[in-house]
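Topology and contacts: notes
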Amino acid sequence: MTIYSHSRLSTFEQCPLKFKFRYIDKIIPEIEKTIEIHLGKTVHDTLEWLYTQVQDNKFPTMDETIVYYAEKWAENYKPEIIIVKKDMTAKDYFDKGVEFIINYYTKHQPFDDNTIEIEKKILFNLDEKGKYKLQGFIDRLVHNTKTNEYEVHDYKTANFLPKQEKFENDRQLALYSIGIKEIFGEDKEVILIWHYLAHNQKICSKRTNQQLQQLKQETLALINQIEATEKFPPYISKLCDWCEYKNICPAWGNSPEKEIEKNNEEGLDIW
Ligand code: SF4
C-alpha cells in the first residue's frame, strides 16, 4: 500500500528531479524554508487557533488574534529564512500577515458558520484493492445546516489570484471532497472554498460524482506514470528560485552526490 498526497503528485508535475530528491532520495534540504512558507504556516496556525478557540466557546478579539500571530511568527522565525524577492523585507511579509488576519477577521466574525473540524485528516482508497491511498488535511470543514452541504475551506496566502477556470479544475480540494463523501455519503453536496487572503476574496466551486470518479482515474494514471518513471529530469522554471534543492541541483551547476550519500544514512520520512 502506498500513500500519496496532492503535494507529492504536484511535485512530480512541477519537476521530476525535485520529486526524486524529496521522495526517492529523501534528501533533507540544507537551506531554511522561504519566507512565503513561513508566512503561510503562521497565518494557517493563527486561523486554526482562532477557530479552535471559538469551538471552545471563547471568542478572541482581533487584537488577541494578532498577538497570537505575532508570537507564532517570532517563535518560528530564523534569520536564515530565505527571502527571494530582494525588494521585500521580513517585516513586509510580517505586515502582510497582519493585514490578512485583520481582513479575514472583519469579514468572517463571529465565525458561526458551523465549523465541525479543523485540520481534518482525509485518507481514502484510490483503487478498489486499496493499493494506493490519498491522504490530505483540510484546513477547515463546515457543515452548512441550512443547505445540508459540506464546505471544504482552504486558506491561500499567495499574491497571485488564478482565474475561475483553475478552480473548476483544481485537484487538491476535489480529492478531499471524495474523502468527505466517503464519510458523510455520496449524495451529499460538497462545496470547495478557497480564501485568497491577499485579495480578501472567497472563491467557490463544486464537482459532480461523475467528475470525481474521473478524477480518481486521472490520479491513478498519474501514479502509474510516476511509478513507471526511471529517469527524473530537472524542469527549470521560475519556481526554481523557491526550490529547497537548488543548491544541489545539476541544472544549476551543482552536485547532489554528497547529500544523497548523507541522507541514505539519516533518511527523511515524508509521504
Ligand atoms: S532547482 Fe528547479 S530544476 Fe532543480 S530540482 Fe529544483 S525545481 Fe527542479
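Quantities reported herein were computed from a predicted structural model and do not represent experimental measurements. (Residues numbered from 1 in each chain as written. Predicted model: local features only at pLDDT ≥ 70, side-chain atom pairs only at ≥ 80, totals over all residues.)

All right, on to the domain arrangement of the chain then. For the chain, the domain assignment lists domain 1 (2–30 + 234–266), domain 2 (35–108) and domain 3 (115–220). Put simply, the middle of domain 2 and the middle of domain 3, counted by C-alpha atoms, are 24 Å apart. Contacts between domain 2 and domain 3 engage 13 residues on the former and 11 residues on the latter. Contributions of two or more residues to the side of domain 2 that touches domain 3 are made by α3 (35–55) and α5 (90–108). The dominant element in the side of domain 2 that touches domain 3, judged by the number of residues it contributes, is α3, at nine residues. Its residues assigned to classes, the side of domain 2 that touches domain 3 shows six nonpolar, five polar and two charged. (Domains from an automatic or database assignment. Contact = placed C-beta atoms within 7 Å. Helix = DSSP H or I, 4+ residues; strand = E, 2+ residues; numbered from the N terminus. Nonpolar A, V, L, I, M, F, W, Y, C, P; charged D, E, K, R; others polar.)

Moving on, we come to unusual backbone geometry. Along the chain, Gln-109 connects to Pro-110 via a cis peptide bond; the corresponding omega equals 5°. Summarising the element assignment, Pro-110 is placed in the loop between α5 and β2 (115–125). Its identity as a non-glycine residue notwithstanding, Glu-119 has a phi of 50°, on the positive side. If you trace the backbone, Glu-119 turns up in strand β2. Since 14 C-beta atoms lie within 10 Å of it, Glu-119 is described here as partly exposed. (Buried ≥ 20, exposed ≤ 12 C-beta atoms within 10 Å, placed from the backbone.)

Two strands pair when backbone bridges link them, and β2 and strand β3 (residues 132–144) are joined in this way by nine bridges, in the antiparallel orientation. In the sheet register, Leu-123 faces β3, and the bridge partner there is Gln-135. Taking the residues that link successive antiparallel strands as the turn, the β2-β3 hairpin has six residues, and the phi of Gly-130 there is positive, at about 75°. (Pairing = 2+ DSSP bridges.)

Running from N to C, helix α7 (residues 172–184) and helix α8 (residues 209–228) point in directions that differ by 115°, and their axes come no closer than 10 Å. Regarding the angle of α7 to α8, the classification is roughly perpendicular. Read as a crossing pair, α7 and α8 show a hand that is left-handed. On the side of α7, the interface is formed by Ala-174, Leu-175, Ser-177 and Ile-178, while α8 contributes Leu-212, Leu-215, Lys-216 and Thr-219. Class assignment for the residues of the contact of α7 with α8 results in five nonpolar, two polar and one charged. (Axes fitted to C-alpha atoms, helices over the stretch in contact; angles between N-to-C directions. Parallel < 35°, antiparallel > 145°, perpendicular 65-115°, else oblique. Left-handed = near helix turned anticlockwise from the far one by under 90°.)

Next up on the list: the site of the ligand. Around the ligand, 14 residues are found, and the nearest of them are Cys-15, Pro-234, Cys-240, Cys-243 and Cys-249. Per-class residue counts for the shell around the ligand are 12 nonpolar, no polar and two charged. (Near = placed C-beta within 6 Å.)

Counting through the fold element by element, Asp-127 comes out in the loop between β2 and β3. You can call Asp-127 partly exposed: it has 13 C-beta atoms within 10 Å. Separated by 92 residues in the primary sequence, Asp-127 and Thr-219 place their C-alpha atoms 10.0 Å from one another. Residues within four places of Asp-127 in sequence aside, it is in contact with Tyr-132 and Leu-220.

Of the strand pairs in this sheet, β3 and strand β4 (residues 149–156) are connected by five bridges, and their pairing is antiparallel. Bridging across to β4, His-143 finds its partner in Tyr-150. Here β3 folds back onto β4, and the loop between the two strands holds four residues, one of which, Asn-148, carries a positive phi near 60°. Sheet topology note: the β4/strand β5 (residues 190–196) ladder contains seven bridges and is parallel. Paired with Asp-154 across the strands is Trp-194, a residue of β5.

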